[in-house]
Amino acid sequence: MAVKKWTASVLALLIMCTAAFPAWAAGGPEEAQATAANAEQAKQGEGQDKDKAKTMDGLDETISLIALPQAQLQLPCKAALLMCAETGDVLYNDNGDTQLPIASITKVMTLLLTMEAVENGKASLSDIVPVSEHAYGMGGSQIWLEPGEQITLDEMLKAICVSSANDAAVAVAEYIGGSEPGFVDMMNRRAQELGMENTHFMNACGLDTADHYSTAHDVAIMSRALLRHPLILEYSGIWQDSLRGGATQLTNTNKLLKRYQGITGLKTGTTGGAGVCISATATRDNMTLIGVVLGSSSSEDRFAAATSLLDYGFANCEVIDLPDTGPLEPVAVTGGAAETVAPVCSIPLRALVEKGSGKDLVFETTLPETVGAPVAAGQQLGEIVLKRGEEKVAVFPITAQEEVKKMDFGLSMSLLLRALFQL
């Protein structure tokens, strides 16, 4: 009897301790300390993650807060479109969804698939790209490849980006896709994945062919995808270079490299069917713009139209750094298996705004001091509101990082026994 009374007393005492110290019961003093440490690390990590994110390309870290009226630009081309690379916002559109031949701008997709192959380890810049009779026979702009010639992928990319070489584009397509038709299938699948609804490819280089077309909007979409690979800018920004030990001189077909502040690329194109075209990219401060011009009648018209598009974007828009929201403090949990829950919130680092309109933006955080158990992972705890004066510009939910179960008798006993066995 004495043993039973002693056991009952100990259990009663331990149950009382469990109710009083739920965090200790959740795994003992050591786990309670770990929980507190994790919460502190999460708090400190937010600032570190934000600093780290600022070094990224920014294409997924920017919110759009812009609503520009359609400008009336008089551009010498069949279609034109201006896009913000950070957000994908269309800032100007003139016949942007009209299906047209796009000449060598086709090579943007060829380059995209090649960059992805390099990034995924399926190809290396030092690889020797075989030259087939088919690639050798390409017309139009070329570097006069010879069957069996030893040219690296790095050199092929220079030839494509700088001189718009059709033979190099087809050789690379055959190397990456096994054959040009196989690579073209890859191009069309990737176009569908990107949402390029009005595009169909028939070759890898852009020579005029029936049923080979795109739109200014779709060209901007694939150009934006290509910009996600910073390596491409090491090629598209080359003004002059050479191959074959200096025997073949390359000069970039994109004359804006010498004329426009902040220009980074991207691809020109000219055929009898497509006219004179360009997908021009430029970066100033935090903002990258993509200006697409299709169907101009001359090279000068093409560059003039692209310049007008980019000028319009830089004059009227900007990407600004948003103010710091500060760390989110852990929220106390009442009646739970843990004392606190870590709040998390995904906040963009930058915003696309009309020029000069971002200076009054502030964040306002609403988060309770306590929340009752149970708390589900992902449960909304509060919100962070981006405001301009009294206007709510955007709202971002604050959610629970992890689940916190409600402390009841059964859970108390289970956790208590586990804690006892860990002593």
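Below, the structure is looked at part by part.

How each quantity is defined
Position numbers for residues count from 1 along each chain, tracking the sequence in the order it is written. Whole-chain, interface and lining totals are the exception, using all residues; otherwise, since this is a predicted model, local features are given only for residues with pLDDT of at least 70 and side-chain atom pairs are given and counted only at 80 or more. No hydrogens and no water enter the side-chain calculation; it runs on all heavy atoms of the structure. Strand pairing is assigned whenever DSSP detects at least two bridges linking the two strands. To qualify as a helix, a DSSP run of H or I must reach at least 4 residues; to qualify as a strand, a run of E must reach at least 2; elements of each kind are numbered from the N terminus. Where helices are involved, their axes are fitted lines through C-alpha atoms of the stretch in contact, as for all axes, and angles between N-to-C directions lie from 0 to 180°. Any two residues having at least one pair of non-hydrogen atoms within 4.5 Å are treated as being in contact. Exposure is judged per residue with a 1.4 Å probe applied to protein chains only, and the accessible area is read against the type maximum: over 50% gives exposed, under 20% gives buried, and values in between give partly exposed. Whether two aromatic rings pair depends on their centres lying within 6.5 Å, for rings of Phe, Tyr and Trp, where Trp uses its six-membered ring; planes under 30 degrees apart make the pair stacked, over 60 edge-to-face, and the rest tilted. Relative orientations are named as follows: roughly parallel for angles under 35 degrees, roughly antiparallel for angles over 145 degrees, roughly perpendicular for angles from 65 to 115 degrees, and oblique for any other angle. For a crossing to be left-handed, the near helix must be turned anticlockwise from the far one by less than a right angle; the clockwise case is right-handed. When residues are grouped by polarity, Ala, Val, Leu, Ile, Met, Phe, Trp, Tyr, Cys and Pro land in nonpolar, Asp, Glu, Lys and Arg in charged, and all others, Gly among them, in polar. Surface patches are defined over residues having more than 30% relative accessible area and no salt bridge, joining like charges when they lie within 9 Å and nonpolar side chains (Val, Leu, Ile, Met, Phe, Trp, Tyr) when within 5 Å. Note on areas: Shrake-Rupley, 1.4 Å probe, and residue coverage restricted to the protein chains presented here. What makes a salt bridge here is a side-chain nitrogen of Lys or Arg within 4 Å of a carboxyl oxygen of Asp or Glu, nothing more. Nonpolar cores were defined as sets of buried Ala, Val, Leu, Ile, Met, Phe, Trp, Tyr and Cys residues, with membership established by side-chain atoms within 4.5 Å.

Topic: the sheet that holds strand E11 (residues 317–321)
- Judged by pairing direction, the sheet is mixed, and its three strands sit side by side in the order E1-E15-E11 without closing on themselves. This sheet does not close on itself; its edge strands, each paired only once, are strand E1 (62–64) and E11. Each strand axis lies, on average, 30° off the axis of its neighbour in the sheet, ignoring direction.
- The pairing of E1 with strand E15 (residues 350–354) spans three bridges and is classified as parallel. Note on E15: the bridge partner recorded for serine 64 is leucine 352.
- Strands in contact with helix H11 (residues 299–316) are E11 and E15; relative to E11, the strand with the most contacts, it is inclined by about 45°.

Description of the pairing of strand E8 (residues 263–271)
- The element E8 is extensively covered by neighbouring structure, given that eight of its nine residues are classed as buried.
- Sheet topology note: the E8/strand E9 (residues 275–284) ladder contains eight bridges and is antiparallel. Bridge pairing links lysine 267 to serine 279 in E9.
- Hairpin connection between E8 and E9: a loop of three residues separates the two successive antiparallel strands.

Here we look at the sheet that holds strand E19 (residues 391–400)
- Here four strands make up an open sheet; going across it, the order is E14-E19-E18-E16 and the pairing antiparallel. Bordering the open sheet on either side are strand E14 (343–344) and strand E16 (361–366), each of which pairs with just one other strand.
- In the sheet, E14 pairs with E19 via two bridges, with the strands oriented antiparallel. Paired with valine 344 across the two strands is threonine 399, which belongs to E19.

Here we look at the environment of glycine 378
- Summarising the element assignment, glycine 378 is placed in the loop between strand E17 (370–372) and strand E18 (380–388).
- Distance in space between the C-alpha atoms of glycine 378 and isoleucine 398 is 8.6 Å, their sequence separation being 20 residues.
- Discounting residues that sit within four places of it in the chain, glycine 378 has contacts with Thr399 and Ala400.

Some thoughts on the packing of aromatic side chains
- Going through the model one piece at a time under the given rule, you end up with two aromatic pairs.
- Summarising the aromatic geometry, the rings of tyrosine 92 and tyrosine 312 are spaced 6.5 Å apart at their centres and angled 65° between planes, so their arrangement reads as edge-to-face. Here tyrosine 312 lies in helix H11 and tyrosine 92 lies in strand E3 (residues 90–94), a separation of 220 residues in the sequence. Judged on exposure class, the residue tyrosine 92 and its partner tyrosine 312 are both buried.
- A ring pair is formed by phenylalanine 363 and phenylalanine 396, whose centres lie 6.3 Å apart and whose planes are at 65°; its orientation type is edge-to-face. Of this pair, phenylalanine 363 sits in strand E16 while phenylalanine 396 sits in strand E19; the two residues are 33 residues apart in sequence, bridging distant segments of the chain.
- Relative accessible area serves as the criterion here: at 16%, phenylalanine 363 is assigned to the buried category.

So, helix H6 (residues 153–163)
- Along H6, nine of the eleven residues are buried, which leaves the element largely enclosed by surrounding structure.
- Those residues of H6 that sit buried are Leu153, Met156, Leu157, Lys158, Ala159, Ile160, Cys161, Val162 and Ser163.
- Of the residues trailing H6, serine 164 is marked for its positive phi of about 55°.

Quick look at the packing of H6 against helix H7 (residues 166–177)
- It is at 8 Å that the axes of H6 and H7 come closest, and there the two elements cross at 135°. The pairing of H6 with H7 is recorded here as oblique in orientation. Every pair of crossing elements has a handedness; the one defined by H6 and H7 is left-handed. Across the interface between the two elements, Leu153, Met156, Ala159 and Ile160 from H6 touch Ala168, Ala169, Ala171 and Val172 from H7.
- Each residue belonging to the contact of H6 with H7 can be placed in one class, and the counts come to eight nonpolar, no polar and no charged.

So, a nonpolar patch on the surface
- A surface patch of nonpolar side chains, amounting to about 320 Å² of accessible area, comprises Leu417, Leu420 and Phe421.
- Mapped onto the elements, leucine 420 comes out in helix H12 (residues 409–422).

Considerations on the pattern of salt bridges
- Using the criterion set out here, one finds nine salt bridges in the structure.
- In this structure, lysine 387 and glutamate 364 form a salt bridge, with 3.6 Å as the shortest nitrogen-oxygen distance. Note that lysine 387 is positioned in strand E18 and glutamate 364 in strand E16, a separation of 23 residues in sequence.
- Of the residues examined, lysine 387 reaches a relative accessible area of 11% and is grouped as buried.
- By relative accessible area, which is 40% here, glutamate 364 ends up partly exposed.
- A network of salt bridges, in which partner residues are shared, links Glu116, Arg190 and Glu193.

Some details on the nonpolar core
- The biggest cluster of nonpolar side chains holds 66 residues, and the ones touching the most others in it are Met109, Met156, Phe201, Met222 and Leu294.
- Of all the secondary-structure elements, those providing two or more residues to this core are strand E2 (79–84), helix H4 (107–119), H6, H7, helix H8 (180–193), helix H9 (216–227) and strand E10 (287–296).
- Here methionine 156 is in contact with Val129, Val131, Leu145, Ile151, Ala168, Ala171 and Val172, once residues within four sequence places are set aside.
- Counting 29 residues, the second-largest nonpolar core is a separate cluster that includes Cys77, Leu91, Leu257 and Cys317.

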